[in-house]
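Chain by chain, the residues run as shown.
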There are 2 protein chains.
Amino acid sequence: MPSVKRIDHIAILVDDMEATLRFWRDALGMQVAGLQDVPAEAAQIAFMPTGGSEIELVRPTTEDSGLARYLQKRGPGMHHVCLEVDDIQGMLAQLKLHGVQLINEEPRLGPDGRKYAFVHPKSANGVMVELYELPG
Amino acid sequence: MPSVKRIDHIAILVDDMEATLRFWRDALGMQVAGLQDVPAEAAQIAFMPTGGSEIELVRPTTEDSGLARYLQKRGPGMHHVCLEVDDIQGMLAQLKLHGVQLINEEPRLGPDGRKYAFVHPKSANGVMVELYELPG
């Protein structure tokens, strides 16, 4: 049985990165391991590792991406939770058997070798859930 | 300096516990360590530990609590992220120095000895952030 191993990260959508970092980095004192432009996601992302998971601040850098439209519609706040699984192909098959609606029917491949897929929030009680299988 | 240690839990607001468990427990295969009525929070909570953190499904059991009103207004979905800190009193003082608005100016005491406080989402980019200090 494929299984969930841990919370990999929580992604938070932001419109003003510097203002947001004043809370997470300056006030809470979280370490920012990286602040990177990620053109593939049309976003700037701040990575803040904590206790084996990460909080990611995601700022859309274009106005027409899915993230940008989500931000325009809903405002800043939590966007998705990403769970690490041991076998993403098996997990997606298991989810389909349970009638779960997927955004990505097949795993997509990230530049670092991770495989990922999103579950549709309709099937997860309004929560956007991402699944990761990390390279071994 | 007080610091954040890890993500303790993510809380997800639900209106139908059984339907929601069909995704998290039955389809994803997450273990439910407890499914409890918590009268102090006017909620039924499903605790699902994973990798040192927890995902909590929270169903309001009255219609007039803050949680119930949040659910009526926004619908089901992610409600807050809880971070464990090593020194909550020191952390709240540090947040105040940075002008962060708090829902709880002083730590509150849970029945299990944990101390907790909520940061106002206005000061955290629209995210409801809870802080925990666990008994040593």
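Residues numbered from 1 in each chain as written. Chains lettered and ligands numbered in written order. Predicted model: local features only at pLDDT ≥ 70, side-chain atom pairs only at ≥ 80, totals over all residues. Heavy atoms only, no water.

### Some points on the sheet that holds strand E4 (residues 53-60) of chain A
Residue and element names in this part refer to chain A. Here we have eight strands laid out as an open sheet, ordered E2-E3-E4-E1-E5-E8-E7-E6, and mixed in their pairing. Looking along the sheet, the strands with just one partner apiece sit at the ends: strand E2 (34-38) and strand E6 (108-109). In this sheet, strand E7 (residues 115-119) lies alongside E6 in antiparallel orientation, the contact comprising two bridges. The residue bridging leucine 109 from the neighbouring strand is lysine 115, located in E7. (Pairing = 2+ DSSP bridges. Helix = DSSP H or I, 4+ residues; strand = E, 2+ residues; numbered from the N terminus.)

### Digging into the nonpolar core
One recurring pattern in soluble globular proteins: nonpolar side chains tend to sit buried together. Trp24, Leu95 and Leu131 of chain A together with Trp24, Leu95 and Leu131 of chain B are the most contacted members of the largest nonpolar core, which totals 64 residues. Apart from the residues lying within four places of it in its own chain, the contact partners of leucine 131 of chain B are Leu28 of chain A together with Cys82, Leu83, Val85, Ile88, Met91, Leu92, Leu95, Lys115, Tyr116, Ala117 and Val119 of chain B. (Core = buried A, V, L, I, M, F, W, Y, C linked by side-chain atoms within 4.5 Å. Buried < 20%, exposed > 50% of the residue type's maximum accessible area, 1.4 Å probe, protein only. Contact = heavy atoms within 4.5 Å.)

### Comments concerning the interface of chain A and chain B
The partner chain B presents 42 residues to the 42 residues of chain A that form the contact. For the pair chain A and chain B, the summed buried surface comes to about 3,000 Å²; carbon and sulfur atoms form 73% of the total. The tally of links between chain A and chain B comes to zero salt bridges. Linking chain A with chain B are 14 residue pairs in polar contact (both at pLDDT 80 or more). Elements represented by at least two residues in the side of chain A that touches chain B include exactly strand E1 (4-13), helix H1 (17-27), E4, strand E5 (77-85), helix H3 (88-97) and strand E8 (129-133) of chain A. (Buried area = accessible area lost by both parts, 1.4 Å probe. Salt bridge = Lys/Arg side-chain N within 4 Å of Asp/Glu carboxyl O. Polar contact = N/O pair within 3.5 Å; in protein donor to acceptor, adjacent residues only side chain to side chain.)

### What to know about the layout of surface pockets
All names here are of chain A. If you add up the space inside the second largest pocket, you get close to 850 Å³. If you go around the second largest pocket, you meet 31 residues; those closest to its centre are Glu41, Arg114, Tyr116, Phe118 and Glu130. When contributions to the lining of the second largest pocket are tallied by element, the ones reaching two or more residues are E1, strand E3 (43-50), E4, helix H2 (66-74), E5, E7 and E8. A per-class count over the lining of the second largest pocket returns 16 nonpolar, six polar and nine charged. (1 Å grid on protein atoms, 1.4 Å probe; cavity = no way out; pocket = protein on both sides within 12 Å on 5 of 7 lines; lining within 4 Å. Points joined across faces, edges and corners; volume = space filled by probe spheres on them. Nonpolar A, V, L, I, M, F, W, Y, C, P; charged D, E, K, R; others polar.)

### Let's talk about the pairing of E4 of chain A
Regular strands place their side chains on alternate faces of the sheet. Of all eight residues that make up E4 of chain A, seven are buried, and the element is covered over most of its length. Between the antiparallel neighbours E3 of chain A and E4 of chain A lie two residues, among them glycine 51 of chain A with a positive phi of about 55°.

### So, the packing of aromatic side chains
Two descriptors summarise a pair of aromatic rings, namely the distance from one centre to the other and the angle between the planes of the rings. Residue and element names in this part refer to chain A. Per the stated rule, a full pass over the model turns up two aromatic pairs over all chains. The interplanar angle of 80° and the centroid separation of 5.1 Å between the aromatic rings of phenylalanine 23 and tryptophan 24 together place this pair among those described as edge-to-face. One exposure class covers both phenylalanine 23 and tryptophan 24, and it is buried. Above the ring of tyrosine 116, the side-chain terminus of arginine 114 is found at 5.0 Å from the ring centroid. (Phe/Tyr/Trp six-rings, centres within 6.5 Å; stacked < 30°, edge-to-face > 60°. Lys NZ or Arg CZ within 6 Å of the ring centre and 35° of its normal.)

### A closer look at helix H3 (residues 88-97) of chain B
If you check which residues of H3 of chain B are buried, you get Ile88, Met91, Leu92, Gln94 and Leu95 of chain B. Along the axis of H3 of chain B, the buried positions cluster into a sector of 160°, meaning they face one direction only. In this structure, the buried side of H3 of chain B is in contact with H1 of chain A together with strand E1 (4-13), strand E5 (77-85), strand E7 (115-119) and strand E8 (129-133) of chain B. One side-chain oxygen at the N-terminal end of H3 of chain B lies 3.4 Å from the backbone nitrogen of glutamine 89 of chain B; it belongs to aspartate 87 of chain B. (Arc of directions from axis to C-beta.)

### Some thoughts on the relation of the copies chain A and chain B
Least-squares fitting of chain A to chain B yields an RMSD of 0.0 Å, with the transformation described by 0.0 Å of translation along the axis and a rotation of 180°. The transformation relating the two chain copies, once decomposed into turn and shift, fits a two-fold axis. Residue methionine 78 of chain A of chain A places its C-alpha closer to the rotation axis than any other residue of that unit, at 3.6 Å. Most of the interface of chain A is mirrored in chain B, where 100% of its interface residues again form contacts. (Least-squares fit on C-alpha atoms with pLDDT ≥ 70 in both.)

### Quick look at the sheet that holds E7 of chain B
All names here are of chain B. Taken in spatial order, the eight strands of this open sheet run E2-E3-E4-E1-E5-E8-E7-E6, and their pairing is mixed. Both edges of this open sheet fall to strand E2 (34-38) and strand E6 (108-109), since each of them pairs with a single strand only. Strands E1, E5, E7 and E8 of the sheet are contacted by H3, whose axis makes an angle of about 145° with E8. (Axes fitted to C-alpha atoms, helices over the stretch in contact; angles between N-to-C directions.)

### A few points about the pairing of E1 of chain A
Residues and elements named next belong to chain A. With nine of its 10 residues buried, E1 lies for the most part within the structure. Sheet analysis places E1 next to E5, joined by eight bridges and oriented antiparallel. Each residue of the ladder has a partner; that of leucine 13, found in E5, is glycine 77. Bridge analysis of E1 against E4 gives five bridges, and the strand direction is parallel. Looking at the pairing, isoleucine 10 lines up with isoleucine 55 of E4.

### Comments concerning the environment of aspartate 37 of chain B
Mapped onto the elements of the fold, aspartate 37 of chain B is located in strand E2. If we ignore the near neighbours within four places in the chain, the residues touching aspartate 37 of chain B are Ala43, Gln44 and Thr61 of chain B.

Keep in mind that these numbers describe shape and distance, not what the molecule does.
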